[in-house]
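What follows is the residue order along each chain.
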Amino acid sequence: MKFGTLFVISGPSGSGKGTILNKVIDDANVSLSISATTRQPRSGEKDGVHYHFMTREKFLSEIENNNVLEYNEYCGNLYGTLKSEVETLLASGKDVILEIDVNGAKQIAKSMECVRVFILPPSMETLKQRLSLRGTETDETLNNRINQAHSEIDEAYYYDYVVVNDELEDAVKKIKSILEVERLRASKMKFKIDRLKK
Ligand code: 5GP
């Protein structure tokens, strides 16, 4: 039986990981896990597409019922990965991407085999500009996200790959290459294990 590969992608808010991943998902044969969150939807965001939006009460009951693989509180809201999103896909042989923060990535790496990729902005100035241009944040939440970005970036050292998102297409190509290399590695490993068992 072939299990899919689990990819964990992190990077500070404004690093462009969402934009990169939308392009990667378009033509790579991989599924993006939809996280649960207690934050309010931004304009244009749809429930079940961008996130599973839920109340804090519902989120806490999902944790209580052991339906959450990892979670974290980020800028006052809870974000987490639902078991139901990931386990069935991996077991059916599909590769899955989790787009989660550094704390969630640490929790996943403790309990599951995964490949971790960190996306960096080219500079803090660019990150600030991208967040302001997005127009989704108030001055307060913008500053919170920038402060959070400083501590998140320190964690890049612990990832398997680091990609700088300077030119979007270039970053997309790099992420696709990482997926290909790691798939190949996983299937080679499976081949070796199957041969040993014969
Ligand atoms: P945003 O509010 O910009 O959509 O996401 C804020 C942060 O939450 C981002 O760093 C994003 O990667 C992270 N995040 C999104 N989903 C999850 C999740 O399921 N678990 C964790 N730990 N972090 C998440």
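Higher on the page you've got the structure.
Residues numbered from 1 in each chain as written. Predicted model: local features only at pLDDT ≥ 70, side-chain atom pairs only at ≥ 80, totals over all residues. Heavy atoms only, no water.

A. Region of interest: the layout of surface pockets. Its boundaries defined by the atoms lining it, the largest pocket holds a volume of some 1000 Å³. The wall of the largest pocket is formed by 37 residues, among which K17, G18, R42, Y51 and E99 lie closest to the centre. Secondary structure elements with two or more residues in the lining of the largest pocket: α1 (17–27), β5 (68–74), β6 (77–82), α5 (124–134) and α6 (139–153). Looking at the lining of the largest pocket residue by residue, the classes come out as 10 nonpolar, 16 polar and 11 charged. F3, G4, T5, E113 and A186 are the residues nearest the centre of the second largest pocket, which is lined by 24 residues in total. Top element by residues in the lining of the second largest pocket is helix α7 (residues 168–197). It accounts for 10 residues. (1 Å grid on protein atoms, 1.4 Å probe; cavity = no way out; pocket = protein on both sides within 12 Å on 5 of 7 lines; lining within 4 Å. Points joined across faces, edges and corners; volume = space filled by probe spheres on them. Helix = DSSP H or I, 4+ residues; strand = E, 2+ residues; numbered from the N terminus. Nonpolar A, V, L, I, M, F, W, Y, C, P; charged D, E, K, R; others polar.)

B. Quick look at the sheet that holds strand β8 (residues 115–120). Taking strand neighbours across the sheet as the criterion, the five strands line up as β2-β7-β1-β8-β9 in an open arrangement whose pairing is parallel. For this open sheet the edge positions go to β2 (30–32) and β9 (161–164), each flanked by a neighbour on one side alone. Between one strand axis and the next, the sheet turns through 25° on average, direction left out of account. Pairing of strand β1 (residues 6–10) with strand β7 (residues 95–99) involves four bridges; the strand directions are parallel. Looking across to β7, one finds that F7 is bridged to I97. Of the strands in this sheet, β1, β7 and β8 touch helix α4 (residues 102–111), which is tilted by about 155° from β1. (Pairing = 2+ DSSP bridges. Axes fitted to C-alpha atoms, helices over the stretch in contact; angles between N-to-C directions. Contact = heavy atoms within 4.5 Å.)

C. Molecular detail of the packing of aromatic side chains. Counted according to the given criterion, the structure contains five aromatic pairs. Relative to Y71, the ring of F59 has its centre 6.3 Å away and its plane inclined at 65°; by these criteria the two rings are edge-to-face. Placement of F59 in helix α2 (residues 56–64) and of Y71 in strand β5 is noted, with a sequence separation of 12 residues between them. Judged by relative accessible area, which is 36%, Y71 ranks as partly exposed. Ring centres of F118 and Y159 lie 5.1 Å apart, and the angle between their planes is 75°; on these two criteria the pair is classed as edge-to-face. Of the two residues, F118 sits in strand β8 while Y159 sits in the loop between α6 and β9, which places them 41 residues apart along the sequence. Since its relative accessible area comes to 0%, F118 is described here as buried. When its relative accessible area of 9% is taken as the criterion, Y159 is described as buried. In textbook terms, an aromatic cluster arises when at least three aromatic residues are bridged by ring pairs, as seen for Y51, F53, Y74 and Y79. (Phe/Tyr/Trp six-rings, centres within 6.5 Å; stacked < 30°, edge-to-face > 60°. Buried < 20%, exposed > 50% of the residue type's maximum accessible area, 1.4 Å probe, protein only.)

D. The arrangement of the site of the ligand in detail. Within the structure, the ligand sits among 16 residues, and S35, R39, Y51, Y79 and D101 are positioned closest to it. A distance of 3.5 Å separates an oxygen atom of the ligand from a polar backbone atom of T81. Between the ligand and E99 there is a distance of 2.9 Å, counted from an oxygen atom to a side-chain nitrogen or oxygen. Calculation on the ligand without its partners gives an accessible area of 520 Å², and the protein chains cover 96% of this total. A majority-of-atoms criterion places the ligand in the largest pocket. Taken together, the residues of the shell around the ligand sort by class into four nonpolar, five polar and seven charged. (Near = heavy atom within 4 Å. Polar contact = N/O pair within 3.5 Å; in protein donor to acceptor, adjacent residues only side chain to side chain. Areas by Shrake-Rupley, 256 points an atom, 1.4 Å probe, with all protein chains shown as cover. Sits in = over half its atoms within 2 Å of the grid points.)

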